[in-house]
Amino acid sequence: MERERKSLTGESLSGSRYFEYRLNTALKTALETHFVARILLSPPHVTDLDRQALLEAFDSNWIAPTGPAVAGFEADITARTGVADAAALSSGTAGLHLALLVAGVARGDEVIVPTATFVATANAVTYTGATPRFVDSESASWNLDPDLLGEDLAAQARRGRLPAAVISVDLYGHCADYDRIEAACAEFEVPLIVDAAEALGATYRGRPAGSMGFAGVFSFNGNKILTTSGGGMLVSNDAAIVERVRFLSTQAREPELHYEHREIGFNYRMSNLLGALGRSQLDQLDDRIGARQIVEQRYRDQLADIAGVGFLPRPDYGTPNHWLTVITIDADAYGLSSDELIAKLDADDIEARPAWKPMHQQPVFAGLPCRGGAVADEIFATGVCLPSGSALTERDQQRVIATIRSHHG
Ligand SMILES: *Cc1c(COP(=O)(O)O)cnc(C)c1O
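Residues numbered from 1 in each chain as written. Predicted model: local features only at pLDDT ≥ 70, side-chain atom pairs only at ≥ 80, totals over all residues. Heavy atoms only, no water.

Undergrad: Got a minute to help me understand the sheet that holds strand β9 (residues 207-208) in this structure?
TA: Two orientations exist for strands paired in a sheet by backbone hydrogen bonds: parallel and antiparallel. Read across the sheet, 3 strands follow the order β9-β8-β13 without closing on themselves; strand pairing throughout is antiparallel. Strand pairing shows two members of the sheet lacking a second neighbour, β9 and β13 (318-319), which therefore form its edges. Taken together, the 2 bridges between strand β8 (residues 203-204) and β9 define a ladder with antiparallel strand orientation. Of the residues in β9, the one forming a bridge with Y204 is R207. (Pairing = 2+ DSSP bridges. Helix = DSSP H or I, 4+ residues; strand = E, 2+ residues; numbered from the N terminus.)

Undergrad: Looking at this structure, how should I read empty space enclosed by the protein?
TA: Picture a little ball the size of a water molecule; that probe, rolled over the atoms, points out where space is still empty. Enumeration over the complete set of coordinates arrives at 2 cavities of 30 Å³ or more. Of the pockets and cavities examined, the largest cavity occupies roughly 50 Å³. G173, H174, C175, T203, P315, Y317, G318, T319 and P320 are the residues that line the largest cavity. Here the lining of the largest cavity is composed, by residue class, of 4 nonpolar, 5 polar and no charged. (1 Å grid on protein atoms, 1.4 Å probe; cavity = no way out; pocket = protein on both sides within 12 Å on 5 of 7 lines; lining within 4 Å. Points joined across faces, edges and corners; volume = space filled by probe spheres on them. Nonpolar A, V, L, I, M, F, W, Y, C, P; charged D, E, K, R; others polar.)

Undergrad: Explain the pattern of salt bridges to me, please; I cannot follow it from the model alone.
TA: A side chain with one charge can pair with a side chain of the opposite charge if their charged atoms come near. The tally for this structure, following the rule as stated, stands at 27 salt bridges. Where R298 meets E394, a salt bridge forms, and the shortest distance between an N and an O atom there is 3.6 Å. Taken as a pair, R298 in helix α10 (residues 285-303) and E394 in helix α14 (residues 394-406) lie far apart in primary sequence, 96 residues in all. (Salt bridge = Lys/Arg side-chain N within 4 Å of Asp/Glu carboxyl O.)

Undergrad: Looking at this structure, how should I read the nonpolar core?
TA: For soluble globular proteins, nonpolar side chains are generally found buried alongside one another. Ranked by size, the top nonpolar core spans 55 residues in total, and within it I77, L149, V166, Y172, L200, F220 and M233 carry the most contacts. Per-element tally for this core: the top contributor is helix α7 (residues 178-188), with 5 residues. Two domains share this core, each providing at least three of its residues, namely domain 2 (48-283) and domain 3 (285-406). With residues near it in sequence (within four places) discarded, L149 still touches I112, V135, L144, V166, I181, A184 and C185. Counting 32 residues, the second-largest nonpolar core is a separate cluster that includes V105, V113, V217 and M359. (Core = buried A, V, L, I, M, F, W, Y, C linked by side-chain atoms within 4.5 Å. Buried < 20%, exposed > 50% of the residue type's maximum accessible area, 1.4 Å probe, protein only. Domains from an automatic or database assignment. Contact = heavy atoms within 4.5 Å.)

Undergrad: Just to check I follow, could you spell out the pairing of strand β10 (residues 215-219) for this structure?
TA: Regular strands place side chains that alternate from one sheet face to the opposite one. Taken across its 5 residues, β10 has 5 buried, putting it largely inside the fold. Pairing geometry for strand β7 (residues 192-195) and β10, over 3 bridges, is parallel. Its bridge partner being in β10, D195 is matched across the sheet by V217. Inspection of the sheet shows β10 paired to strand β11 (residues 232-236) by 4 bridges, in the antiparallel sense. Each bridged residue has a counterpart across the sheet, and for V217 the counterpart in β11 is L234.

Undergrad: So what exactly am I meant to see when it comes to the site of the ligand here?
TA: Residues in close proximity to the ligand total 15 residues, the closest being T93, E198, S219, N221 and K224. Separating an oxygen atom of the ligand from a backbone N or O atom of G92 is a distance of 2.7 Å. Within the contact set of the ligand, an oxygen atom lies 2.5 Å away from a side-chain nitrogen or oxygen of T93. Mapped by element, the contributors of at least two residues to the shell around the ligand are α4 (92-102) and α5 (119-127). The residue inventory of the shell around the ligand, partitioned by class, reads 4 nonpolar, 8 polar and 3 charged. (Near = heavy atom within 4 Å. Polar contact = N/O pair within 3.5 Å; in protein donor to acceptor, adjacent residues only side chain to side chain.)

Undergrad: I'm lost on the sheet that holds β11 in this one. Help?
TA: Taking strand neighbours across the sheet as the criterion, the 8 strands line up as β3-β11-β10-β7-β6-β4-β5-β16 in an open arrangement whose pairing is mixed. Strands with a single pairing partner mark the edges of an open sheet, and in this sheet they are β3 (85-89) and β16 (370-371). Alignment of strand β6 (residues 165-169) against β7, held across 4 bridges, turns out to be parallel. Bridging across to β7, V169 finds its partner in D195. Seen against the sheet, helix α6 (residues 146-158) touches β4 (110-114), β5 (131-135), β6 and β16 and runs at an angle of roughly 130° to β5. Lying over the sheet, α7 contacts β6 and β7, oriented at roughly 150° with respect to β7. (Axes fitted to C-alpha atoms, helices over the stretch in contact; angles between N-to-C directions.)

Structure representation (structure tokens):
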């Protein structure tokens, strides 16, 4: 009779599966001992809890199209962010697209977008047939400058061409200044959509990121603070908006048995397997924020004395989720430019990236209006995103710090 064999996690394995397991474990140990593994910017952090949650959903046969884990994940996000309701979607980009559609954005409209953002924010605007109007960031937060926003809205109001919506972005896990942004949007009665893709778990004056405005959007892409491999969530304080988004995300299917459709919909719903993964990931959000905070604080403590190294600003009106630590490099004082530092880190098998390249510098958006832009240009020219994963070990982080210190001067 075959002897029962178990993996380290207690799973019983037999025959060739056990052999395969032993081989993989031996290879992994050998690799860890003899090679330096590349340190990544923000790799997915998944645990046995996630694995179990995923397999339970799998075993329940709720594979598709939707199921109880999707509704459960929506309820969990609703509770966590204090909104009225949430709709689980296939991506954050899908959430932005549907938020814009439900806000009434249509072909020929304009939508204000911060120029300092990831391209998804601006891409979603173009999906509706509208075009982005870019606005610079303020240096105090690197996020949408509320004064420039007010100026742009006033100028467009005078021309009788108010934008159909404003999207603000909570860059690198820090909230924008919502009291001032909301005031500007309210004055001109333009709906505000919050791209909180990078900021789940952050707060602004005690309010959860994403809970402001017409609707907020989160992303669970592979490098975000939580991941479902790919996925997103739209939240709103108006349950009717969320209900409408859910309807549009499932091909705008009318509640009839016979597949009745009166408008164009989308296939943007989250799958039940990923909903299960999302619930398990969300349970660990506070741990993830805590781990990234320690990483950021260690960088701040151990790089503070280096001439020419600065940090992304931490406005005192809120708490970030510490998604990515971004440093700024003053090339003259530090002795290398940000690009040169990124190349040095790469040579030491460390993944670092420039801060987002502004939308007004992107060839695909050439010729679109941009109010200001110097702050976003500066962020791009000097910003370096450092490895900030919640599973980053202190040993690996010390390797990153040593490389930055060794090339100083
Ligand atoms: C990641 C990201 C998105 C897009 O989210 P996906 O889930 O990848 O579609 C949108 N906006 C910002 C600012 C992001 O960082």
